[in-house]
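# Examination of the molecular architecture
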Amino acid sequence: MRVDRIEVFVTDLPERLSRRSAGSGSDTGAPGDVMSKPILVKVFADGLVGYGQVRPTGRNHWLPDTSLSVVAAVRDYYGPQLLGADPSNLEALWADFDRTLPNNGPARAAIDFALHDLLGKAYGVPVHALLGGAARPAIPVEWSVSLADSVEEMVSASVRVIETHGITNFSLKAGGPGGWRHDVKTVGAVRAALGPDVTIGLDANMGWTVGETIRAINAMSDFDVSYVEQPIHKTDFVGLAAVRAGIGGVALIADEPVIGLHDVLNIIRMNAADAVCLKLTKIGGIRMARKMTTLIEAAHLQVNVGGAAVMSQLEAAAIAHYYASVPSPLMLDGAEFVFALAGVLADPLVPETDFRIGSDGHVAIPTGPGLGITVDDEAVAKHALISDVVSAAT
Ligand SMILES: [Mg+2]
């Protein structure tokens, strides 16, 4: 099998989703604005087409990638190397990519997802079968509650999620301008409103100091907080280790520092976390996630799946297949891709789908070949803001 054509698109989102977190946020932008719109990569080989899609980061986000930088990395760097290559040769391709243009997780992830989709279709199996199988038939999803102006808004948002979707895993954004004492009030109010049977974690997105984190988490000791995610700056591994020692056994998850394999190794060496948040788009896709997972397993840590794929069934499906391949307890309950599921937010490129949230807060893993998502190519053409074809290297 040889790759004979690669197309790359930026496609519009008719809906807009804005969410706030400490110091930054995410915003898909106004319809028609290229910033923060998803990137779609189509890889053709032997009459088959593999699809991969990622949502790039936009203004005010903590990652440096943009829609246009992802398109350029695929079109001008990785794509020309991939043309004519055997798509099953993932390790050799990745080694070439490392030499051509390092990092660039979102561009790598879009290609990685498309290649896994293509290979699954070629072999007639779902992507999770390429990864060792599905360790569970359905995935409990997590809802990330955006920062809001008042405690009451975050409480009512959480209550609405349980009533509407039956979700019982919550990640509350924290570390905002109200300070840690405000976060303590929010967590207490959400716990009182949701009762004892709901999992509540916090993501402070680097908004606290070491001391503030220890004080905040200890002040929340009556609220059964399951974890705190990346409370302090991403460069401070020593600080993370100090936090971990001071928060009385509440699990500490590292997120923002984790870009490459060596970041996971450093966290392990420095005893800096109990779990590692893997966002497939950030780290470069399924293949890198599996490598990181092996390191995490060997160190007796746990994996947390983040990502918040937005209105992208392809991206969420890629995360779902990976998630399914990691057994519990290595994988923490609660995968964060709910904003891409039918029944929550519609994906304009996938009008017909059964990849939807159930009433019990779970989603079934797609079972069709590849990622198991059927993209409507007419919808791609209709919503395309940018479309390009990769040319052979000169
Ligand atoms: Mg996070």
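The sections below set out a description of the structure shown in this document. (Residues numbered from 1 in each chain as written. Predicted model: local features only at pLDDT ≥ 70, side-chain atom pairs only at ≥ 80, totals over all residues. Heavy atoms only, no water.)

### Quick word on the packing of aromatic side chains
Throughout the structure, instances matching the rule amount to four aromatic pairs. A ring pair is formed by Y78 and F97, whose centres lie 4.6 Å apart and whose planes are at 40 degrees; its orientation type is tilted. Taken together, the residues span a long stretch of sequence, with Y78 in helix α1 (residues 67–82) and F97 in helix α2 (residues 90–100) at a distance of 19 residues. Taken as a pair, Y78 and F97 share a single burial class, namely buried. Each ring, one from W143 and one from F339, has its centre 4.9 Å from the other, and the planes form 75 degrees; the classification is edge-to-face. Of this pair, W143 sits in strand β7 (residues 142–145) while F339 sits in the loop between α12 (313–324) and β14 (362–364), and the two are 196 residues apart along the sequence. No difference in accessibility class separates W143 from F339, as the two residues are buried. Each residue in the set Y78, W94 and F97 is aromatic and connected to the rest through ring pairs, giving one cluster. For R5, the ring lying beneath its charged end belongs to F44, and the centroid distance is 6.0 Å. (Phe/Tyr/Trp six-rings, centres within 6.5 Å; stacked < 30°, edge-to-face > 60°. Helix = DSSP H or I, 4+ residues; strand = E, 2+ residues; numbered from the N terminus. Buried < 20%, exposed > 50% of the residue type's maximum accessible area, 1.4 Å probe, protein only. Lys NZ or Arg CZ within 6 Å of the ring centre and 35° of its normal.)

### Description of the coordination of the magnesium ion
Distances from the magnesium ion to its protein donors, namely D203 (OD), E229 (OE) and D255 (OD), fall within the range 2.1 to 2.2 Å. Summarised as a motif, the one-chain spacing of the donors to the magnesium ion is D-x25-E-x25-D. Remark: D255 occurs in the loop between β11 (251–254) and α9 (261–269) and E229 occurs in strand β10 (residues 225–229); sequence separation between them is 26 residues. Across the pair, D255 and E229 agree in class, each one buried. (Donors = N, O, S within 2.8 Å, 3.2 Å for Na, K, Ca; no water.)

### A word on unusual backbone geometry
In this structure, the amide linkage connecting S328 to the following residue, P329, adopts the cis form with an omega of 5 degrees. Mapped onto the fold, P329 is located in the loop between α12 and β14. Backbone geometry places D224, a non-glycine residue, at a positive phi of 50 degrees. By the element assignment, D224 lies in the loop between α7 (210–219) and β10.

### Details of the pattern of salt bridges
Under the criterion given, the structure shown has 18 salt bridges. D117 serves as the salt-bridge partner of K121, at 2.9 Å between the closest nitrogen and oxygen. Of this pair, K121 and D117 both sit in helix α3 (residues 105–123), four residues apart, which is roughly one turn of the helix. Salt-bridge contacts for D203 lead to K173; the nearest nitrogen and oxygen are separated by 3.1 Å. Placement of the pair is D203 in strand β9 (residues 199–203) and K173 in strand β8 (residues 169–173), with a sequence separation of 30 residues. (Salt bridge = Lys/Arg side-chain N within 4 Å of Asp/Glu carboxyl O.)

### Comments concerning the environment of G195
Note on placement: G195 falls in the loop between α6 (180–194) and β9. Looking at G195, the relative accessible area reads 17%, which means it is buried. Each C-alpha atom, one on G195 and one on G370, is 40 Å from the other, the two residues being 175 residues apart in sequence.

### Side note on the sheet that holds strand β12 (residues 275–278)
Ordered by their spatial adjacency, seven strands build an open sheet running β7-β8-β9-β10-β11-β12-β13, and the pairing between neighbours is parallel. Edge strands, defined here as strands with exactly one partner in the open sheet, are β7 and β13 (302–305). Averaged over neighbouring strand pairs, the angle between their axes works out to 25 degrees when direction is ignored. The pairing of β10 with β11 spans three bridges and is classified as parallel. Looking at β11, one finds that V228 is bridged to L252. Packing of helix α11 (residues 286–298) onto the sheet brings it into contact with β12 and β13, and relative to β12 it is tilted by some 175 degrees. (Pairing = 2+ DSSP bridges. Axes fitted to C-alpha atoms, helices over the stretch in contact; angles between N-to-C directions. Contact = heavy atoms within 4.5 Å.)

### Points about the pairing of β7
The side-chain alternation of β7 yields two buried faces, one formed by E142 and S144 and the other by W143 and V145. Bridge count between β7 and β8: four bridges; the pairing is parallel. Bridge pairing in β8 places W143 opposite F170. Remark: the β7/helix α5 (residues 151–165)/β8 crossover connection has right-handed handedness. (Right-handed = clockwise from strand over helix to strand, strands pointing away.)

### Digging into the environment of P196
Checked against the element boundaries, P196 lands in the loop between α6 and β9. Separated by 180 residues in sequence, P196 and D376 have C-alpha atoms that sit 43 Å apart.

### Regarding the nonpolar core
Ranked by internal contacts, the top residues of the largest apolar core, which has 129 residues, are W208, L278 and F337. Those residues in contact with W208 that sit more than four places away from it in its chain are A174, G175, W180, D183, L202, T213, A216, I217, M220, V228, P231 and I232. Ranked by size, the runner-up nonpolar core spans five residues in total, among them A251, I253, A275 and C277. (Core = buried A, V, L, I, M, F, W, Y, C linked by side-chain atoms within 4.5 Å.)

### A short note on the side chain of D347
Inspection of the secondary structure assignment puts D347 in the loop between α12 and β14. Among the polar contacts listed, one links the side chain of D347 to the backbone nitrogen of Q313, at a separation of 2.7 Å. Filtering out sequence-adjacent residues up to four positions away, D347 remains in contact with Q53, M311, S312, Q313 and L314. (Polar contact = N/O pair within 3.5 Å; in protein donor to acceptor, adjacent residues only side chain to side chain.)

### What about α2?
Taken together, the buried positions of α2 are occupied by L90, L93, W94 and F97. Down the axis of α2, the sector holding all buried residues measures 100 degrees, keeping them to one side. Of the surrounding elements, those touching the buried residues of α2 are α1, α3 and α11. (Arc of directions from axis to C-beta.)

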